[in-house]
Amino acid sequence: MATDVLVALIHLNLAAAGAVLAVLAIRPVVRRNFGPEMAYRLWVCVPIAAAAALFPAAAATRIVPPGDGPHFDPVYQASQGLMHAPAGALLSLWMAGAVLAGLVIAISQLRFLDMARRGLAGPAVAGVVVPRIVMPADTDARFSAEERALIRAHERTHIERGDPRTNGLIALAQCLFWLNPLIHLAAREARLDQELACDALVLAHRPGQKRRYAETLLKTQLGAIAAPLGCHWLAGRSAHPLEQRIAALRRPAPDFQRQDIGAFVMGGAILLAAYGAWMAQPPAPAEGMPPDEVFVVHEVHHMQAIIVPPVHRP
């Protein structure tokens, strides 16, 4: 049982890592041609690829070449070698790391909520099940009425899109795949794409307020604190995400034709991710294949020779 779970986790990690690399490679092109919303949706390929890796692999057709004894290909031998690993100990270590990662996220979230109660955090959306907008205590002094309206529109858009629940699932994936650095990189980049998509949707209804929106982004950079479970105004404290968000405001929104093409590209990416993850699995043993351990029984046959003398007839 422990071996099966460990093998499933390894397959999930490998499939998810491959999908992350693919999304990281194509998302700039998708964002430039089809808009930030389509680039953000590309990240759904990662869980789909991971889920596809759990489907039963295709049975292999293995040919035994001439010679003594059965012959196996290297992929099959490597997968069978995992069966002899200390699966129970490795699975316990994996689960301990997942629990520790969950504790780190919980402590960070409690720290954020404590600062929010003191009016030192925000603008942000806090919570997963019942998300709420968090604003700093000095909101009226720091932001004008127009800027406050833009901030609240941004945070309400997050809630309406279901982004806090998505971020909760991202945090869960970070706990489950705590040993995979590509998952943590994907979590950061997916949340940045989420902010870019939210910016685009807010400005789609306010096309004449791009300059004011950019100025508000610059103001919210001061003292920004990330909410692990929720949505925050900035995707990190560094200036690099902020530069990307302001640069994205200058790009024109894609027209309906490009959006339709982007939808087809999105569908193809999902199918390719699922099929690629499924095909990348080690082939399942073919029916009638020899067992992993072959015992050869040597039989010794004893022969007895009887010499019959010739008979001479008269």
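Because the structure is a prediction, the values reported are computed rather than measured. (Residues numbered from 1 in each chain as written. Predicted model: local features only at pLDDT ≥ 70, side-chain atom pairs only at ≥ 80, totals over all residues. Heavy atoms only, no water.)

Draft legend 1. Looking closely at the environment of F34. Structurally, F34 is set in helix α1 (residues 2-34). F34 sits in the buried class, given a relative accessible area of 16%. With 227 residues separating them along the chain, F34 and I261 place their C-alpha atoms 7.8 Å apart. Beyond its immediate stretch of four places on either side in the chain, F34 contacts P254, R258, I261, G262 and V265. (Helix = DSSP H or I, 4+ residues; strand = E, 2+ residues; numbered from the N terminus. Buried < 20%, exposed > 50% of the residue type's maximum accessible area, 1.4 Å probe, protein only. Contact = heavy atoms within 4.5 Å.)

Draft legend 2. Spatial organisation of the packing of aromatic side chains. Across all of its chains, the model carries 2 aromatic pairs by this definition. Measuring from ring centre to ring centre gives 6.5 Å for W94 and W178, while their planes differ by 70°; the resulting arrangement is edge-to-face. Within this pair, whereas W94 is found in helix α5 (residues 87-117), its partner W178 is found in the loop between α8 (163-176) and α9 (181-204), the two being separated by 84 residues in sequence. Judged by centre distance (6.3 Å) and plane angle (45°), the ring pair of Y275 and W278 falls under tilted. Of this pair, Y275 and W278 both sit in helix α12 (residues 256-279), separated by 3 residues, roughly a single helical turn. (Phe/Tyr/Trp six-rings, centres within 6.5 Å; stacked < 30°, edge-to-face > 60°.)

Draft legend 3. Up close: the nonpolar core. Counting 33 residues, the largest nonpolar core has V20, V23, V30, L42, W43 and V46 as its most contacted members. Listed by contribution, the elements that provide at least two residues to this core are α1, α2 (36-41), α3 (45-52), α5, α9 and α12. A per-element tally of this core places α1 first, with 9 residues. Residues within four places of V20 in sequence aside, it is in contact with W43, V46, L182, I183 and A186. Counting residues in each nonpolar core, the second largest holds 10 residues, with C198, L203, Y213 and I246 among its members. (Core = buried A, V, L, I, M, F, W, Y, C linked by side-chain atoms within 4.5 Å.)

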